[in-house]
Each structure stands twice: as C-alpha cells, then as structure tokens.
Amino acid sequence: MPLEFSASEGDALGGLLFYLESEYSFRFEAGSPVDLSDRVGNGGVTSLLIGTLQIEVSVDSTAILYIWGLHPKSRWETGPVTAPSQEAGVVRLSGDVSLNRE
Amino acid sequence: MFTNDDPLNEEDPLGLTPEADGEMFNELEAPDPDGWAGETEPEEGNSGGNVGSKENNNDTKIKATELKVTDTIQQEMEKYVKDGARIDRPYQRSVLTIQNIIDSGDPVADPGGAPDSVRWDVRGYNESDNEGTYELVVNLKTMTILHFGFVGK
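Residues numbered from 1 in each chain as written. Chains lettered and ligands numbered in written order. Predicted model: local features only at pLDDT ≥ 70, side-chain atom pairs only at ≥ 80, totals over all residues.

## Let's talk about the overall build of chain B
Reasoning step 1: For chain B, the helix and strand inventory stands at three helices and six strands.
Reasoning step 2: Along chain B, helices and strands appear, N-terminal first, in the series α-β-β-α-α-β-β-β-β.
Reasoning step 3: Restricting to contacts in chain B with at least 6 residues of sequence separation, those with at least 24 account for 58%. (Helix = DSSP H or I, 4+ residues; strand = E, 2+ residues; numbered from the N terminus. Contact = placed C-beta atoms within 7 Å.)

Below, the structure written as structure tokens:
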C-alpha cells in the first residue's frame with residue numbers, strides 16, 4: 001500500500017542532525033527532549049524504513065519526527081544537489097494508516 | 001539452534017539466566033523452537049519457514065553478550081525512557097533474541113555496504129505478537145551492532 005503524507009503549518013521539531021562516520025549512521029539530537037516527548041505522546045514510536053535508514057514516526061499522531069540510523073557513506077554518490085524550497089511545518093502520514101509500536 | 005529435541009526446555013546456549021543478566025531478560029520466556037527469533041512463538045500451524053532451522057550447523061562464534069551497540073542506537077534506546085514510563089523496541093534489550101538471530105543461520109555480507117559487517121534477516125514475532133522480520137547488522141571488526149530493527153509484516 002503506498003503511503004501518503006500531508007504537510008501542515010506548525011513548529012518544526014528543533015534539533016541537530018549529523019552523520020557519524022565511525023558508525024556509518026545518522027543521528028538526531030532534539031533541541032528539547034520535552035518537546036520531543038510531547039510530540040511522541042503515550043503511544044510510542046515506530047519507523048518507516050528506507051533500507052536501514054529510519055524515519056521515526058509518532059504512533060499516536062503519525063507525525064514524522066526525525067531520521068536516524070545506518071546509512072553507509074561508501075554507497076553514497078557524489079554530485080551536485082539543489083536544495084528544495086522549504087518552510088517550517090509538520091508532516092504526517094495521512095490516509096487509512098494504522099501504526100504499531102515495534 | 002538447539003542441541004536436543006526439547007528446545008523449550010533447553011538451557012540458554014550461553015548459560016545465561018534471568019538472574020545473571022538483570023533486566024535484559026525481564027520479558028523473556030523459553031527460547032523459541034524452529035529458529036523463530038523474538039519473544040513469542042509462531043501461531044499453531046505456522047511452520048516458521050526454514051530460516052534458522054535447528055538443523056542449521058552454524059556454530060555460535062558470536063556471542064550476543066560480547067556485542068556492543070553504536071552510540072546512535074544506544075541513544076535511541078534511552079531517548080524515551082527517562083521518565084521510566086515506556087520502553088520502545090524492547091527486543092533491542094534482549095540478549096537472548098539477539099543470540100537466537102545470530103544462531104539462526106549464516107549471515108550475508110552487509111548489502112548496505114557497511115565495511116567488515118554482516119547481516120541477518122530472521123522471521124519472528126515481537127513482544128506484541130506481530131509477525132515480521134528481525135534485521136541485525138553487526139560489524140565484526142568492532143563487534144558492534146550497527147542496526148537492529150523489527151519490520152512488521
């Protein structure tokens with residue numbers, strides 16, 4: 001089943017995303033653990049996977065929180081990248097989606 | 001995975017006990033038969049496939065108790081438990097689940113390209129009785145778990 005996403009206005013989750021070469025992984029550190037905890041709610045988290053790269057999702061709200069996980073740099077391709085236009089907001093899974101904690 | 005015909009009563013292959021390993025074993029039951037990883041057994045009538053069958057001759061060369069996890073995984077494991085109210089992905093804390101995955105069969109070189117690393121994909125159930133696949137990637141040089149996830153069906 002294809003997944004659908006919707007974007008809405010709102011405050012983005014603040015934090016720092018960085019890549020650890022020694023772990024071949026992305027890591028996200030939330031600017032405010034309290035804000036993150038509020039966004040997660042009581043239902044916990046689960047992930048959408050792109051290979052081993054994990055898109056963390058709140059089970060209760062279906063809001064996309066951040067990415068993290070294994071993504072070996074050795075498979076990256078070098079090339080020019082044009083940053084897309086962007087604005088702060090919240091992205092959620094939409095449609096008939098039922099998430100379970102892992 | 002098991003050395004006799006009574007896997008449910010088989011002792012932990014590493015000689016580990018709940019008392020010896022503290023909270024890592026809090027939610028564990030007897031090892032799963034037929035190579036199923038995780039905390040629960042497959043439903044009746046479900047053979048569990050042939051992944052990690054007990055006929056597998058894979059010697060246990062990697063001991064789960066000797067593996068570390070990356071700081072990234074460790075951070076994710078601790079991120080939401082500071083209030084002690086909830087533990088997400090509890091299987092990541094189960095040494096026995098990790099050992100069952102390792103013992104289920106020979107891994108493959110990590111297709112994702114992590115150097116010196118191997119990967120297991122093993123069918124099983126999680127603590128919520130959801131069927132899926134455990135994914136485990138281990139760097140053999142540093143004996144570190146780089147990726148450990150459960151993908152629901």
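## Comments concerning the pairing of strand β4 (residues 117-125) of chain B
All names here are of chain B.
Reasoning step 1: Pairing of strand β3 (residues 108-109) with β4, which is carried by two bridges, proceeds in the antiparallel orientation. The partner of V108 across the bridge, within β4, is R119.
Reasoning step 2: Across nine bridges, β4 lies against strand β5 (residues 131-139) in antiparallel orientation. Each residue of the ladder has a partner; that of V122, found in β5, is Y134.
Reasoning step 3: Between β4 and β5, which pair antiparallel in sequence order, lie five residues; one of them, D129, sits at a positive phi of approximately 65 degrees. (Pairing = 2+ DSSP bridges.)

## Description of the interface of chain A and chain B
Reasoning step 1: Facing the 22 residues of chain A at the interface are 23 residues of chain B.
Reasoning step 2: Put simply, the parts of the chain that give the side of chain A that touches chain B at least two residues each are β3 (25-30), α1 (33-40), β4 (45-50) and β6 (64-70) of chain A.
Reasoning step 3: Looking at the side of chain A that touches chain B residue by residue, the classes come out as eight nonpolar, nine polar and five charged. (Nonpolar A, V, L, I, M, F, W, Y, C, P; charged D, E, K, R; others polar.)

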